[in-house]
Structures are given as structure tokens and as C-alpha cells.
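The primary structure of each chain is shown beneath.
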Amino acid sequence: MDNKITPLFNIEKSGGIFFTNVVQEGQTIWLAGYGLIELNKHSNTYKSYDLLDKEGLIFAIVKDQEKGFYLGGDFDGIIYFDKQSRSFSKRFLFSNKMNTKDNKLITSIHKDLKNQLWVGTEKGLLKFDPIKDNIERTDILFEGHPVYINNILNDRYNNLWLGTSDGIFKYNPVTKHHIRFSILDGLLQNEYNRTPYLNRKTGEFWYGGINGINIFDPDSLKENTIVPPIEFTDIKYYKDESTPGPSIKGLEYINELNLSYDDIILEFKLAALNFNITEKNQYKYRVIGFQENWVNNGTKRTITLTNLSPGKYTLQVKACNNDGYWNEKGKSIEIIIQPPFWLTWWAKMFYFISMLSALLYYTNWRSSKLKKENTILEQKVIQRTQSLEQMQKKLLHTEKMAVLGEISRGLHDDIGTTLSKINLYSFMAQQKLSKNQEQDIAKTFASIQLSAQEMIEKLKDLLWSINPQNEDIGDLFQKIEQFASSMVETKGLHLVYDITTNVKSSSLSITEKYQLYLICKEAINNAVKYSGGDTLWVKINGDEKTLKIIIKDNGLGFNKDKIGASGRGIESMQKELPASKPFYD
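About the thresholds
- Residues numbered from 1 in each chain as written.
- Predicted model: local features only at pLDDT ≥ 70, side-chain atom pairs only at ≥ 80, totals over all residues.
- Heavy atoms only, no water.
- Helix = DSSP H or I, 4+ residues; strand = E, 2+ residues; numbered from the N terminus.
- Buried < 20%, exposed > 50% of the residue type's maximum accessible area, 1.4 Å probe, protein only.
- Areas by Shrake-Rupley, 256 points an atom, 1.4 Å probe, with all protein chains shown as cover.
- Pairing = 2+ DSSP bridges.
- Axes fitted to C-alpha atoms, helices over the stretch in contact; angles between N-to-C directions.
- Core = buried A, V, L, I, M, F, W, Y, C linked by side-chain atoms within 4.5 Å.
- Contact = heavy atoms within 4.5 Å.
- Expected span 1.5 Å × (residues − 1).
- Salt bridge = Lys/Arg side-chain N within 4 Å of Asp/Glu carboxyl O.

1. Structural notes on the overall build of the protein chain
Reasoning step 1: Scanning the protein chain for helices and strands turns up five helices and 33 strands.
Reasoning step 2: Taking all 585 residues of the protein chain together, the buried fraction comes to 37%.
Reasoning step 3: For the protein chain, the accessible surface area stands at approximately 36200 Å², while carbon and sulfur atoms represent 52% of it.

2. Topic: the sheet that holds strand β15 (residues 149-154)
By way of backbone hydrogen bonds, the strands of a sheet pair with one another, either parallel or antiparallel.
Reasoning step 1: Sheet architecture is open: four strands sit in the order β15-β16-β17-β18, paired in antiparallel fashion. The open sheet is flanked by β15 and β18 (178-181), the only strands paired with a single partner. Within the sheet, the average angular offset between the axes of one strand and its neighbour, ignoring direction, is 20°.
Reasoning step 2: Strand direction decides the pairing type here: strand β16 (residues 160-164) and strand β17 (residues 167-171), joined by five bridges, are antiparallel.

3. A closer look at the nonpolar core
Reasoning step 1: One finds Phe232, Phe268, Leu305 and Leu315 to be the most contacted residues of the largest nonpolar core, which totals 26 residues.
Reasoning step 2: Contributing elements (two or more residues each) for this core: β22 (230-240), β24 (256-259), β25 (265-272), β26 (282-288), β28 (302-306), β29 (311-320) and β30 (331-337).
Reasoning step 3: The residues touching phenylalanine 268, leaving out its near neighbours within four places in the chain, are Phe232, Asp234, Ile235, Leu257, Arg301, Thr302, Ile303, Leu305, Leu315, Ile333 and Ile335.
Reasoning step 4: Judged by nonpolar contacts, the second largest core, of 21 residues, contains Ile473, Ala527, Leu536 and Val538.

4. Some remarks on helix α4 (residues 510-530)
Reasoning step 1: An ideal rise of 1.5 Å per residue puts 30 Å on 21 residues; α4 measures up with 30 Å between its terminal C-alpha atoms.
Reasoning step 2: The buried fraction of α4 is high, at 17 of 21 residues.
Reasoning step 3: Trailing α4 by a residue or two, glycine 532 shows a phi angle of about 80°, which is positive.

5. With respect to the pattern of salt bridges
Reasoning step 1: Evaluation of the coordinates by the stated rule reveals nine salt bridges.
Reasoning step 2: One salt bridge connects glutamate 25 with lysine 63, and the closest N-O pair in it is separated by 3.5 Å. Note that glutamate 25 is positioned in strand β1 (residues 19-25) and lysine 63 in strand β5 (residues 58-63), a separation of 38 residues in sequence.
Reasoning step 3: Under the relative-accessibility criterion, lysine 63 is labelled partly exposed at 36%.
Reasoning step 4: Members of the salt-bridge network, linked through shared partners, are Glu25, Lys63 and Lys83.

6. Focus: the sheet that holds β1
Reasoning step 1: If you trace the four strands from one edge of the open sheet to the other, you get β1-β2-β3-β4, paired in antiparallel fashion. Single-partner strands in this sheet number two, and they are β1 and β4 (45-49). The mean inter-strand angle of the sheet, taken between neighbouring strand axes irrespective of direction, is 20°.
Reasoning step 2: Bridge count between β1 and strand β2 (residues 28-33): six bridges; the pairing is antiparallel. Of the residues in β2, the one forming a bridge with phenylalanine 19 is glycine 33.

7. Examining the pairing of strand β33 (residues 547-553)
The side chains of a regular strand alternate between both faces of the sheet.
Reasoning step 1: With seven bridges connecting them, strand β32 (residues 535-542) and β33 associate as antiparallel partners. Its bridge partner being in β33, tryptophan 537 is matched across the sheet by lysine 552.
Reasoning step 2: Linking two consecutive strands that pair antiparallel, namely β32 and β33, is a turn of four residues.

What follows is the structure, encoded as C-alpha cells:
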């Protein structure tokens, strides 16, 4: 008898080969690993198909109704192999649907009795619809964490049985309820590999693990559907981590805990009243007012709360039996943490009243201080105002003295000159009387009368300028209009007078207004007497900074550069022009 092992195929491939799954279809055997290898037992030949871009290792392979394969492994998503075209024709990227990091490694793919695809990953179970390219995540958790799924089977009721690293789970796709079986239920171990076996004749499952094989009939496992009541078995509070307070008695009658702010640690012990494999009872809790989401406490029966701020809270707890049926009603207890005396309502009221009193005191003090400061400021303002008034009076006196000085010079120049004329004409009249020149005496007396009238007009203008009632600049414009009207009336001329100005009264001094009037008077006099025209225009306009006076006629005009010494009117205007003003034309 030949005891040697004869190889069926001798497959040569660079880098070696590694197989994870085998699928047989008649004379054809498909090997999954780094790609696919197709073996033909009839012709004793093989052909290899590399994955796209040689991107990873295949761990899971399952046939679909179209006679192709869905492949999963340590790459992103699922790849479809079309046996008719012998090519990898489709790729379903899980990264388009969820975080790839959550499901990077696909360990198994299973088609159930309804031809639905279920995908086992390192982060739980997924339901995959290749037609809609849709992925649905299940909520199978163990102690709050997704389970690492190595293999998937289904029983005749289409319940899924998952071999994981934390035991064997039974999952109902309709009710979405799952039950975990572990060593506590009689299994040899809690960790199972990727290759379970279904005995189709007996309906038994064969699960191999590190400690042997578990064989069981899924129909023989009855579920415990009775939800367990839950009770608090002990409650303690701690002033510090090493000094526990006394246990609270009569817990069955307590619905509220009233504790001090320095009870910094609270410890609650629970019990789910399910006595069928009590080690599998699980607990969840949440603290309304502090933590609204449920916290999975696993199989731990103790809940510890630390450093709750003063206030009112509600601790809610619930538990499940050994087969994962939860008492959703659960149990609750009110927790009231009293604040320290410095945070009580009456202390806060005291703080508020104290702050309000301090604020009122400060407000009154500040108001009194401001009143004193305002009184002092008012006195200073009064003193300053009086000082300014005195200075203004002095300046006004100084200005009036200056005006008087200008007036005296004017009297000396203009009126003195006029009186000299009158004296000269009187002397000439006496000479002519002594010589019996009666014909020239009338002309001489006419000159005396004209000079006297001129002196009277100058005295009137001078008296007008120093009259306090004529300090407003509008009086100046009115004086100019009156003079122009009287002049054009005597000559039968037409007067156009236009004034548009915002010049303030204080813009010109008494002296400047007087000098400006004399200039305008001289210009109007010359225009009326010597222009030969029939219309005189007097326009006054300006703003707060500029005053513009235009006096013009429609007469013959003259060239001022050719006037020479005979231009006494222009010379007089230049003499009267204020030194502080820019120019005249």
C-alpha cells in the first residue's frame, strides 16, 4: 500500500500562495487568497485572477444568484467577481457610506434564506444591499462595544448565529434582538475562528475554537423572555475617598436622597431579580440633570457618581436578563444635593442686597462728589466769565480808544483840511470885498458853503461809526444802501442793490466798518458823478470767512494806470483801506 501523499495540483506563483477559503462547484474548485485561483479537476489545470491593483487578501467569499462571487477582505468594501467574464467587474466602497476605519476588515459574508447579504467585520455586523448599494449597521454590542465577528450561519428560522471573539451571538433580523452565549452557558470557550460548520441532516452547528468543538442544536436553546425587576441593594455616600458614610437603610421605601454638598462620592449597588445565569445580567443608567444619555454599565452591579454640583438630579437604572431582555421601566431615585450655606438662596439674597447697597452707596457718593465738582466748576465758570467780561470791556475800551485815535487822525486830516479851505475862502472873500470884486464874492461864498456841508457829512459819518447802536454789520450794509439811494436819486440813475451774506457782526471791528464805509462811499460817489452811466450796481455777498462788495456802473470807465496824480478818489480809498484786509480792486 502506498502511504505517500500525492498532490492534486502543483501551483507555482511568485511570492508564494495563501488560501483563506475554498468553494467547490462540480469539477471546479475556487481558492480565495491574494486573488482567486480556478482549479479544473477534469483537465488538471488552473488559472489565477489577481485583485484590482493587487490590493489585499480575501477573507470572505459567497456566491450570488447571478453565479458570481462577492469578495471581502482587508480592503475597503466588497468586490464582485463575474464568472462569465472572468473579471472583477464591480466594487462597492464602504467609505462612501460610513467611516472606513470602523469596518476596514471584512471577515465573513453570508447569504441568508431570503438571499440577503450579511457582512461580518471587526467592528460588528452590517446588512448589505448590492442592488441599492446600501449598508445598514446593526446594534449588536457587548458591554457597550461592537463585537469582532469571525463567521456567520443561519438556522431554519433565519436567525443569524455569529461566531465572535466574545462568544456566540444569536441575532433576530426581524425583532433586532440578540442573545449572547458564553462559557457561562456551557461553551468551551468565548473565541471562535472563521470556519463554523452546519450539519444539514441534523440541523446542528459545529463551532471550533481554541479549546475544542462545540456542537449544539439551535432549536433546543430556549430563550428567557421574562424581564427582571431591579432593586437598589445598597447606597453609600462618602465625605472623602477613604471615609464612607453609613449605609442607607429601608431602601425599598426610599424615593429621594437628600445629601450635603460635601458628600462627594455616591455609590449605588443594584440587583436584577433574574436567577437564571445571574452573571449575564446587564445594567444601564443615566442621571437626568447631568447626563441625559444612557451609560452601558455591562455586568457591573455598582454605579459610582462623583462631584455632583448642588442641585436636583434623577438617577434612572434598568437591567436585562441572561438572554438580553431589558426591563425598560427600570427604577429611579431623586438625588438632592444641598448647597453650602454660602450658596443658599438666603446667602445669595444677602449678596444681592449687599451689592445693591454698595451700588447705591457708591451712586450717592459719586452723585454728591459730582455735585460738589459741578458747584466748583460753576464757580470757576462764573469767575472765568466775569474775567472774560472784564477783559472784553478792556479790549472794547482799547478798541474804542483806537477808534478815537483813528477818528482824531481823521478829524485832523479831513475836517482840518476842510476848515483850512473855509479859512482860505473867507480870506479870499475879504480881499475881494476890499477891492470891490462883488462878482467873485458869490462864488467864494458858495465854496465856503460846500466845504461846510462836506465837514457836516464827515462829522455825521464819524458819529454814526462810534454809535453803540450801529455795531451790527447789518447797519453798515443799510448805511451803504441809504447813501447809494440818495446819490442816484440826485442824478436820476437806477440802483440795483443785492445782499446775500452770512458774515457775523463780530467779523469786523468798529474801525474796519468805518473805513469800509468810507471806501464804498467814495466808489459810489465817483460812479454817480463821473461815470456817465444810468445804472449803479451794489452787490454784497460772502460767508463766515469772506466778505465781497462789488460796486459797478455801466458808464465809460477809466484806466487807473493812466490817471496819475489827478486820481484823488482812488488815492483816498487806498488810504482808508484797512491794513488787515487782503486787497481791493
